[in-house]
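These are the residues of each chain, in order.
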Amino acid sequence: MTTMSDDTDARRATMVADIVADAKATAPHTGRETFSQRVLDAMAAVPRHAFVRPDDLARAYVNGPLPIGQGQTISQPFVVALMTDVLELNGSDRVLEIGVGSGYQTAILAKLAAHVYGVEVLPGLASAAEARLSAQGARNVTVRTGDGTLGWPEHAPYDAILVGAAPSAMPEALVAQLKPGGRMIIPVGRGRLTQELLLVKKDSSGAVSQRSVLPVQFVPLVKG
Ligand code: SAH
């Protein structure tokens, strides 16, 4: 007998295979031929169908973004995996996520980090994401409504920061809230066609460097 969960397991396995193929295809940009097994296992485990709108259930495991309401989107699975992979989480990290949206990326981070602090500017999306994350049993997550451009100073500094919407310039408050040795992944650029996913690193002496990982298209980071 085929059950609903067998079906979604199989669809997730196909999605992970698509992610692995995209990783290979983009390696000339990203410098990564594939992603860590821990990241791929998290992508295979989290039920993306629980984070999309009921009308999109049939498309939940297609390797593309989907609308989640209020002009926002759940990110493409490949991009979620790439952004997670470059953060090199080891299970003990405290992570700040800006732009929680559906909560799907949050759920992936929660599997690989000690705690995820999420900031979402739209109250309706923040509360829906919180409800989904708690239904999924993600206990190591705290979500609040607010302007993520300012980070979340009360819990800083962070081992890793992931930004899911694009500012036109690097938000200095986020760089300041990164721990020495910390990593941040953030799309930066003015137009939708001119954004670069930047990997920012702060070394043990506090010096900051950055490199472009991939040209991308994210929704804009708005002022809260
Ligand atoms: N990774 C999320 C992406 C959601 S889209 C997902 O896969 O579901 C980007 C999100 O950033 C949107 O929910 C949008 O409301 C939010 N956002 C935009 N500007 C923001 C800001 N200044 N602070 C916090 N969140 C912001």
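Small disclaimer: the values here were computed from a predicted structure and weren't measured.

Asker: How would you sum up the site of the ligand? Please name residues and give values.
Answerer: Close to the ligand lie 25 residues; Ser102, Glu120, Asp147, Gly148 and Val222 are nearest. Contact distances for the ligand include 2.5 Å between a nitrogen atom and a backbone N or O atom of valine 222. In isolation the ligand exposes 580 Å². Once the protein is present, 99% of that is buried. Placement of the ligand is best described as lying within the largest pocket. If you list the elements that add at least two residues to the shell around the ligand, you get strand E2 (72–74) and strand E4 (115–120). Among the elements that make up the shell around the ligand, the one with the highest residue count is E2 (three residues). Considering only residue class, the shell around the ligand consists of 12 nonpolar, 11 polar and two charged.

Asker: Residues and numbers for unusual backbone geometry, please.
Answerer: Looking along the chain, the bond that leaves alanine 156 and enters proline 157 is cis, with omega of 0°. Assignment of secondary structure puts proline 157 in the loop between strand E5 (141–145) and strand E6 (158–163). Its identity is not glycine, yet glutamate 88 carries a phi of approximately 50°, on the positive side. The residue glutamate 88 is located in the loop between helix H3 (77–86) and strand E3 (94–98) in this model.

Asker: Give me the sheet that holds strand E9 (residues 208–216): which residues, what numbers.
Answerer: The strand order across the open sheet formed by seven strands is E5-E4-E3-E6-E7-E8-E9, and the pairing between neighbours is mixed. Strand pairing shows two members of the sheet lacking a second neighbour, E5 and E9, which therefore form its edges. Pairs of neighbouring strands in the sheet enclose a mean axial angle of 15°, with direction left out of account. Inspection of the sheet shows E4 paired to E5 by five bridges, in the parallel sense. What sits directly across from valine 116, in E5, is valine 141. Each of E3, E4, E5 and E6 is contacted by helix H4 (residues 104–112), which is oriented at about 170° to E3, the strand it contacts most.

Asker: Before we move on, could you go through the pairing of strand E8 (residues 195–202) and cite the residues and values that matter?
Answerer: With six of eight residues buried, E8 is to be regarded as a mostly interior element. By the bridge criterion, six bridges tie strand E7 (residues 178–188) to E8 in an arrangement that is antiparallel. Note that in E8 the partner of valine 188 across the bridge is glutamate 196. Linking E8 back to E9 in an antiparallel pair, the connection comprises five residues, with glycine 206 at a positive phi of about 95°.

The rules behind the values
Residues numbered from 1 in each chain as written. Predicted model: local features only at pLDDT ≥ 70, side-chain atom pairs only at ≥ 80, totals over all residues. Heavy atoms only, no water. Near = heavy atom within 4 Å. Polar contact = N/O pair within 3.5 Å; in protein donor to acceptor, adjacent residues only side chain to side chain. Areas by Shrake-Rupley, 256 points an atom, 1.4 Å probe, with all protein chains shown as cover. 1 Å grid on protein atoms, 1.4 Å probe; cavity = no way out; pocket = protein on both sides within 12 Å on 5 of 7 lines; lining within 4 Å. Sits in = over half its atoms within 2 Å of the grid points. Helix = DSSP H or I, 4+ residues; strand = E, 2+ residues; numbered from the N terminus. Nonpolar A, V, L, I, M, F, W, Y, C, P; charged D, E, K, R; others polar. Pairing = 2+ DSSP bridges. Axes fitted to C-alpha atoms, helices over the stretch in contact; angles between N-to-C directions. Contact = heavy atoms within 4.5 Å. Buried < 20%, exposed > 50% of the residue type's maximum accessible area, 1.4 Å probe, protein only.

Structural measurements only, silent on function.
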